[in-house]
Amino acid sequence: MDAHSRGRGENIDPADQWVLNPDTGEYELRLSPSAPQSPIPGPRGPRRPGGGNPGGGNLAPGSPRGRSAAPDRAADESRSAEQSGRAAPGRKTPERETPGREVPPQRRRRGAPEEPPPGRRGRRPVKKKSKAKKVLLWTGGTMAFVVLAAGVGGYLYLEHLNDNITSVSDDGAGTGGFSKDKAINILLIGTDKRTGSGNEGYGDKGSEGHADTTILLHVSKDRSNATALSIPRDLIVDIPDCPTQQEDGSEKVIPGTPGVRFNTSLGQSGRTPSCTMRTVTELTGVKPDNFMVADFNAVKTLTSAVGGVEVCLAKDIDDPDSHLQLPKGTHTIEGEDALAFVRTRHSVGLGGDLSRIGLQQQFLSALMRKLKSNDTLTSPSKMIKLAEAGTEALTVDSTLGDINKLKDLGLELGKLNVKNLTFTTVPVVDNPAEKVKATVVLNDAKAPEVFDLIRNDVSFTEVKQQKKKEKAAVAARLKGEKAAASEVRVRILNGGAVAGSAQSTLSWLQVEQGVTKSENAGNAPAELARTTLEYAPDQAAQARRLAAIMGLSGSAMKPGESVTNSQGVAAMTLTLGKDFKGAGVSLTPPDKAPDDIEKSTADKVECAK
């Protein structure tokens, strides 16, 4: 029977009465009483003499034959008293159930809320939004995995999604996978390979799938902000040698190529996504944790799954190459129109690839807003479509090729507010070596600073710092008395800097800075991403002096223990990391993005011009 036929269906949606049992993983029908309910009948007891209701009254509805409503109420009082640890007034607590007694009511599950008393309808408690509902689904619809994992048949469905995933090796080019306690760097690659139905008219005929659209997504360690850095496909870069795993399990080193377009880091000469990862590391100094590769179908299926994405045009677009024809104004696009939108370039901006990048960033911002909207998050059908679309259209690296890993990544990304997701592009200028401008090169005045911001986990937006006390403590390390340079004792190790850096720094410190009690201690036991200075508490004054000389930030100073130098005297340890740029070059990272960097945030609606 449904809720209405039981007399409990007043203004209640029957679907709301199905509740997930976390112990079994199954949905159960839970009915909240809206009026006094009759007790559950117990076993039929012996008939009383006279066979009727004492006192001649009618039987209470639902009462066992031969018992009146009054004894039922007494029994209820007794049970209530037993549950509260005391006997009902005038009755002894029974040792055990006797024949003829009613079956005790079903015990409330541990942790379940008390139901309202019979005859009184309380307000249904407001459900707090789950953190899982804040997942950034554009990485593959991972929120759907969380929702479906809790449902009936969820395990089988997750296995089905697992079978959808295509993964390939990262050939050691990544970090080995993202970590929950560190900043996350995901390389998103869109290819121009003509795979899938209806894609014959897109991309280059016969293309093996180049890195046509590439975005390095950096999510901060505290998950308060993120930066999506677009890398132009026509940027001239040096592609390094690329060890690549072959289908038979053997390894082949694909030779690197200097001075070529970035998009040839994938597909050309058999290069796989791991080659694009190595190229990005070489270019930016940021080593990606994982990669995701999307084909043309990803845009079509993801936009259709959410019911379309709203975009804005400041002028009419009529691009015969991308087949996009839209008048100016606001439009909701999906499928083929969505793909044509992100591929158009001749009708926007200056008509080149950089203009198309701006259009793609606006589209992704709109997609993000749609994915985070209640219209999407509260629709099971859309969530299922997203899960299918994401797992079928994406190729990921093998360390991410499991549905649970994708779910974990989605939960980490879901902590981000879209207003602090910044889209920007690698600063470039026209290639001066070309008469007919077709490619671009790095803007040496701006690009290094953008890369530094990402490497040092600096936000491109104004965000509220979540760890003010910790930052204050770090900054305090630089404050206080500084020892004389001649009193500083330090051992210098090379922990990832260019070969010879320890010796050149030693010479600079001794000759130009007066730090005569310093020595070269060779290579560190392990490489470090950032330069560090470790010192004991009684060496704080020395550490502050050396930090001032070297241009170290408070975060580079690591209170710890001293070491013994070659003279048998306590000394500090300076380890030159991969960020070391040379003696005398400050290592204090910027604390904000420069104002002249072009950027946009995902929460704002912008119209393509």
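Each chain carries its own residue numbering, running from 1 in the written order of its sequence. Selection of residues for local features in this predicted model requires a pLDDT of at least 70, selection of side-chain atom pairs for listing and counting requires 80 or more, and totals for whole chains, interfaces and linings are taken over all residues. Neither water nor hydrogens contribute to the side-chain values; these are computed over all heavy atoms in the structure.

Enquirer: Break down the packing of aromatic side chains for me, citing the residues and quoting the values.
Expert: In this description, an aromatic ring pair is defined by two values, namely the gap between the centres and the angle between the planes. Each Phe, Tyr or Trp ring, with Trp reduced to its six-membered ring, pairs with another whose centre is within 6.5 Å; inter-plane angles below 30 degrees give stacked pairs, above 60 give edge-to-face pairs, and intermediate values give tilted ones. With the rule as written, the count across this model stands at one aromatic pair. A centroid spacing of 6.1 Å and a plane angle of 40 degrees characterise the contact between F341 and F363, whose relative ring orientation is tilted. Of the two residues, F341 is situated in helix α6 (residues 335-343) and F363 in helix α7 (residues 353-371); the sequence distance between them amounts to 22 residues. Each residue is assigned to one of three classes by its accessible area relative to the maximum for its type, calculated with a 1.4 Å probe on protein chains only: buried under 20%, partly exposed between the two thresholds, exposed over 50%. Judged by its relative accessible area of 1%, F341 is buried. Given a relative accessible area of 3%, F363 falls into the buried group. Placement of a positive charge over a ring is assigned whenever Lys NZ or Arg CZ falls within 6 Å of the ring centre and within 35 degrees of the normal to the ring plane. If you follow K405 out to its NZ or CZ, it ends over the ring of F178, 4.7 Å from the centre. The helix count covers DSSP runs of H or I at least four residues long, the strand count covers runs of E at least two residues long, and both are numbered beginning at the N terminus.

Enquirer: I'd love a proper account of the sheet that holds strand β5 (residues 211-219), names of residues and values included.
Expert: Paired strands are those between which DSSP finds at least two bridges. Here eight strands make up an open sheet; going across it, the order is β3-β16-β11-β4-β5-β6-β17-β26 and the pairing mixed. Looking at the sheet topology across the chains shown, the edges are occupied by β3 (166-168) and β26 (599-601). Within the sheet, the average angular offset between the axes of one strand and its neighbour, ignoring direction, is 25 degrees. Pairing analysis gives three bridges linking strand β17 (residues 421-425) to β26, with the strands arranged antiparallel. Looking at the pairing, T424 lines up with K599 of β26. The convention used is that axes are lines fitted to C-alpha atoms, helices contributing only their stretch in contact, and that angles between N-to-C directions extend from 0 to 180 degrees.

Enquirer: Now, about the state of the cysteines: what can you tell me, with residues and values included?
Expert: By definition, a disulfide links the sulfur atoms of two cysteines through a covalent bond. The definition used for a disulfide is geometric: two cysteine sulfur atoms within 2.5 Å. Counted according to the given criterion, the structure contains two disulfides. One disulfide bridge connects C242 with C275, the sulfur atoms lying 2.1 Å from each other. Looking down the S-S bond of the C242 and C275 bridge, the torsion is -95 degrees, so its handedness is left-handed. With C242 in strand β8 (residues 242-245) and C275 in helix α4 (residues 273-284), the pair connects residues that are 33 residues apart, well separated along the chain. Judged by its relative accessible area of 1%, C242 falls in the buried class.

Enquirer: Residue-level account of the pattern of salt bridges, with values.
Expert: When a carboxyl oxygen of Asp or Glu is within 4 Å of a side-chain nitrogen of Lys or Arg, the pair counts as a salt bridge. This structure, assessed with the given rule, holds 15 salt bridges. With its nearest N and O atoms 2.8 Å apart, the salt bridge here joins D212 to R233. With D212 in strand β5 and R233 in the loop between β6 (226-231) and β7 (236-239), the pair connects residues that are 21 residues apart, well separated along the chain. Take D212 and R233: they sit in the same class, and that class is buried. Shared partners join several salt bridges into a network, and the residues in it are D212, R233, D234, R261, R343, D353 and R356.

Enquirer: Any chance you could break down the side chain of Q542 for me, citing the residues and the numbers?
Expert: Its location among the elements puts Q542 in helix α14 (residues 540-550). Those residues in contact with Q542 that sit more than four places away from it in its chain are A483, E487, V488, R489 and M572. Should any heavy atoms of two residues lie within 4.5 Å, those residues are counted as being in contact.

Enquirer: I'd like a description of the nonpolar core, backed by residues and values.
Expert: Think of a nonpolar core as a cluster: buried Ala, Val, Leu, Ile, Met, Phe, Trp, Tyr and Cys residues, connected wherever their side-chain atoms sit within 4.5 Å. If you look at the biggest cluster of nonpolar residues, it comprises 52 residues, and the most contacted ones within it are L217, M292, F341, F363, L409 and L421. The contacts of L421, once residues within four sequence positions are left out, are L217, A226, T227, A228, M368, L416, S600, T601 and A602.

Enquirer: Quick rundown of the pairing of strand β25 (residues 570-576)? Include the residues and the values.
Expert: A large share of β25 lies buried, amounting to six of its seven residues. Relative to β25, strand β20 (residues 489-494) is paired through five bridges, and the arrangement is parallel. Following the sheet pairing, R491 is matched in β25 by T573. Across three bridges, the pairing between strand β22 (residues 532-535) and β25 is antiparallel. Residue pairing across strands places T532 opposite T575, the latter belonging to β25.

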